[in-house]
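An overview of the molecular structure
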Amino acid sequence: MSVDTNISVGHWPFRHLPAAEPAALVKALAKYGVTEAWVGSFEGLLHKDLAGVNARLADICRGQTGVRLVPFGSVNPRWPDWHDDVRRCAEEHRMPGIRVHPNYHGYKLTDPLFAKLLSLATERKMVVQLVVQMEDVRTQHPLIIVPPVDLKPLAGFVTKTPGLRLQILNAPIDVAGELIVPLARSGQVYFDFAMHEGVRGLGRLRDQVGPERALFGSHFPLFHWQAAALKIRETGLSDADARAIMSTNARALLPLSS
Amino acid sequence: MIWDVHSHLNAVDGRTPEEKMAGLLRYADRLGIERLCIFMGFPFLTDPKPEQLRQQNDQVLQGIGHHHDRAFGFVYCSGKYPETSVREIDRCVKNGPMVGVKLWVAHRCNGPELDPIIARATELQAPILQHTWFKVGGNLPGESTPSDLVELAKRHPDAKLICGHTGGDWPLGVRAIRASKSLATEISGSDPTTGMVEMAVRELGAERVLFGSDSGSRSFASQLAKVQDADVPDDVKKLILRDNLRRLLMPILQAKGIKA
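From a predicted model like this one, the values you see are computed outputs, not experimental measurements. (Residues numbered from 1 in each chain as written. Chains lettered and ligands numbered in written order. Predicted model: local features only at pLDDT ≥ 70, side-chain atom pairs only at ≥ 80, totals over all residues.)

**Some remarks on the confidence of the model for chain B**
- For chain B, per-residue confidence averages 97 on the pLDDT scale, and 100% of positions sit at 70 or higher.
- Complex prediction metrics read pTM 0.97 and ipTM 0.96. (pLDDT = per-residue confidence, 0-100.)

**So, the pairing of strand β6 (residues 161-164) of chain B**
All names here are of chain B.
- Of the two faces of β6, the one holding L161 and C163 and the one holding I162 and G164 are both buried throughout.
- Pairing analysis gives four bridges linking strand β5 (residues 128-131) to β6, with the strands arranged parallel. Bridge pairing in β6 places I128 opposite L161.
- A crossover links β5 with its parallel partner β6, the connecting element being helix α5 (residues 146-155), and its sense is right-handed. (Buried ≥ 20, exposed ≤ 12 C-beta atoms within 10 Å, placed from the backbone. Helix = DSSP H or I, 4+ residues; strand = E, 2+ residues; numbered from the N terminus. Pairing = 2+ DSSP bridges. Right-handed = clockwise from strand over helix to strand, strands pointing away.)

**As for the interface of chain A and chain B**
- Taken together, the contact pairs 28 residues of chain A with 33 residues of chain B.
- Sorting elements by how many residues they give to the side of chain A that touches chain B places helix α11 (residues 225-235) of chain A first, with seven residues. (Contact = placed C-beta atoms within 7 Å.)

**A short note on the nonpolar core**
- By size, the foremost hydrophobic cluster in this structure holds 156 residues, and its most contacted members are V39(A), I98(A), V101(B) and I128(B).
- No other element matches helix α9 (residues 234-255) of chain B, which puts seven residues into this core.
- Filtering out sequence-adjacent residues up to four positions away, V39(A) remains in contact with I7(A), S8(A), V9(A), L57(A), C61(A), L69(A), V70(A), P71(A) and F72(A). (Core = buried A, V, L, I, M, F, W, Y, C linked by C-beta atoms within 7 Å.)

**Some remarks on the sheet that holds strand β1 (residues 3-9) of chain A**
Residues and elements named next belong to chain A.
- One open sheet accounts for seven strands, arranged β1-β2-β3-β4-β5-β6-β7; its pairing is parallel. Two strands close off the open sheet at either side, each with one partner strand: β1 and β7 (189-191). For this sheet the average axis-to-axis angle between neighbouring strands, irrespective of direction, equals 30°.
- Here strand β4 (residues 97-100) pairs with strand β5 (residues 127-131) via four bridges, running parallel. Residue pairing in the sheet places G97 in a bridge with V127 of β5.
- Strands in contact with helix α12 (residues 239-253) are β1, β5 and β7; relative to β1, the strand with the most contacts, it is inclined by about 75°. (Axes fitted to C-alpha atoms, helices over the stretch in contact; angles between N-to-C directions.)

Structure below.
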């Protein structure tokens, strides 16, 4: 069993992707041995009709077989009536979590709306995936430059939101910095390693947060899926740590019943 | 059997060059990477003075000293100090074990100051890896773009020039160098985005594309995935992962009596 917590579906505005279509995505994931994928929608970054985005995402995930696709809806707390997007994700689409993009949606983590969003998701027992960045800011399109999310305010929210289950996606070590350790110690925060670089990048993450806080996330199809998989081999993880990172930790964060 | 054209001792655990080299090889072994081209010491110096160039090259000489079967040294040069750089090429390549030249971000590579460095490397049949980037927020003052390298290549058609990082923003980097047939390119140092190798092979031809990792600040894994996961035939992957670099290096390796 292998759970990939950082998958997206759809077309990327800036270049062709090899597995943008749902069927191609599932075919590729099955080839890699992925049994379950937590999927967000690229449309969630820039579209305003997020209710439509999330409905399509739910349909796509329901319509595929071979790999269990778990939809994570997009919510932008700066759009009117965003509370209802959360409600629809939970009640209508039975999504176990939401994926947020504060940088693409134009707010800082100090915005009171972000705290409200975390609270509402936590009340509904939803996992929140916070995406720090989608791509290297140095290579972005000159008309759409989106810097990484500043995570510094996050430590305060985590302790003030009991029951919060948060996963941070695409946080390079230099962006996450020393925040990683206190966030991990809160017992409420998990990390993927799609953007953890360096020959000891994954090993450093494991040492900093503990093997129980790291989740496999590839950022496919924007990134090559094997980049994350080969990091497991490069790091020389023990079988137990590899199993935890590839599947057990994800199952603990998101039990099958949810 | 994989050959990596872009690797560093920096950002690898260890106090000495020997410890860092051993650590780097331990990670390389896990992914089947057989040979590494090593350049620049630690910490990284973006604008090294002449004595610092020498020190950085000494660190590399020290690191590869016990690993000539696995590691090839490239001598760190700077367009700001052409005379020192030529002396370092003579010391480390002509009269030493190194087999290539590395130019980083101290001085843009399109100026005539680079000419004596490129000429001496070419005399010795040594490949020259020039760092390049197209950064949307602007390059460092001395940081070259692939277009700068194209200018240099026009003046030195016989030089074995390698476009470092394919310009980082690779769709632009590939476009910039595609008409300059003498230029090879290497894929290291950017995120493992899908489509890079496919575009490079389509636009440049498979023979011009080399595998590089930019380890230890980059993971071997993330960079290797760009090739292993690419939608190109296996024989093309073999060219990129080893044969193209081997072909570039073979004349100088043979001249030095190094078996590979």
